[in-house]
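Analysis of the macromolecular model
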Amino acid sequence: MKMEFEVRPLNVGDIGVVSEILDKLEFSIKDYMKDVDPNMAADENYIKKIGMEVVFEMANMILRKYHKAQKELDNWFASLIDIDVKEYRKLPINTPIEIIKKLAAENDLADFFKSAVG
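Residues numbered from 1 in each chain as written. Predicted model: local features only at pLDDT ≥ 70, side-chain atom pairs only at ≥ 80, totals over all residues. Heavy atoms only, no water.

**Re the overall build of the chain**
Secondary structure assignment for the chain yields seven helices and zero strands. Shown N-terminal to C-terminal, the secondary structure of the chain runs as helices and strands in the order α-α-α-α-α-α-α. The buried share of the chain, reckoned over its 118 residues, is 37%. Pairs at least 24 residues apart make up 69% of the contacts formed inside the chain by residues separated by at least 6 positions. (Helix = DSSP H or I, 4+ residues; strand = E, 2+ residues; numbered from the N terminus. Buried < 20%, exposed > 50% of the residue type's maximum accessible area, 1.4 Å probe, protein only. Contact = heavy atoms within 4.5 Å.)

Here it is as structure tokens:
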């Protein structure tokens, strides 16, 4: 069953939540940026390609370690689609991946990765 939902834009209020989640998951963006060529930082297509690769690697890592920050992830994902956590936990198992995909598509991650590389 595919559920349709809107994902709200990220904002400054998400920084602390995301920071806490990434800390619990022992995630470092540097681990995913080590193969990025800084000389290619001006190439928009390269940055978008790298950005999407990093997003998918992050999604994979989040799923593998979801148990380490389940409460925080559930609360944050529920807030991103504007529903109660109890409702969120009843959604199909692919919901976190769908939210991550929408975040990647709807937020300008290219700018983020461009600044992370450059």
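**Some points on the side chain of D14**
Mapped onto the elements of the fold, D14 is located in helix 1 (residues 14-24). Here D14 is in contact with R8, P9 and W76, once residues within four sequence places are set aside.

**A few points about the packing of aromatic side chains**
If you walk through the whole model with that rule in mind, you get two aromatic pairs. Each ring, one from F77 and one from Y88, has its centre 6.3 Å from the other, and the planes form 40°; the classification is tilted. Of this pair, F77 sits in helix 4 (residues 70-80) while Y88 sits in helix 5 (residues 85-88), placing them 11 residues apart in sequence. The same class applies to F77 and to Y88, which are both buried. In this arrangement the basic side chain of K102 is found over the ring face of F5, its NZ or CZ atom lying 5.1 Å from the centre. (Phe/Tyr/Trp six-rings, centres within 6.5 Å; stacked < 30°, edge-to-face > 60°. Lys NZ or Arg CZ within 6 Å of the ring centre and 35° of its normal.)

**Regarding the packing of helix 4 against helix 6 (residues 95-106)**
Pairs of packed helices are described in terms of their axes, by the angle between the two and the distance that separates them. Relative orientation of the contacting elements helix 4 and helix 6 amounts to 55°, with a least axis distance of 11 Å. As far as their axial angle goes, helix 6 and helix 4 are oblique. For the pair helix 4 and helix 6, the sense of crossing is left-handed. Where helix 4 abuts helix 6, its residues W76, F77 and L80 lie against P96, I99, I100 and L103. When the residues that make up the contact of helix 4 with helix 6 are grouped by side-chain class, the tally is seven nonpolar, no polar and no charged. (Axes fitted to C-alpha atoms, helices over the stretch in contact; angles between N-to-C directions. Parallel < 35°, antiparallel > 145°, perpendicular 65-115°, else oblique. Left-handed = near helix turned anticlockwise from the far one by under 90°. Nonpolar A, V, L, I, M, F, W, Y, C, P; charged D, E, K, R; others polar.)

**Overview of the pattern of salt bridges**
For the coordinates displayed, the defined rule picks out five salt bridges. Measuring nitrogen to oxygen at the nearest pair gives 2.5 Å for the salt bridge that ties K24 to E72. Of the two residues, K24 sits in helix 1 while E72 sits in helix 4, which places them 48 residues apart along the sequence. On the basis of relative accessible area, K24 is assigned to the partly exposed category, the value being 35%. Overall, the relative accessible area of 12% leaves E72 in the buried class. Of the charged contacts, one joins K101 and E98 as a salt bridge, the two residues approaching to 3.7 Å between their closest N and O atoms. (Salt bridge = Lys/Arg side-chain N within 4 Å of Asp/Glu carboxyl O.)

**Quick look at helix 6**
For helix 6, with 12 residues, the first-to-last C-alpha span of 16 Å sits near the 16 Å given by 1.5 Å per residue. The set of residues buried in helix 6 consists of T95, P96, E98, I99, I100, L103 and A104. (Expected span 1.5 Å × (residues − 1).)

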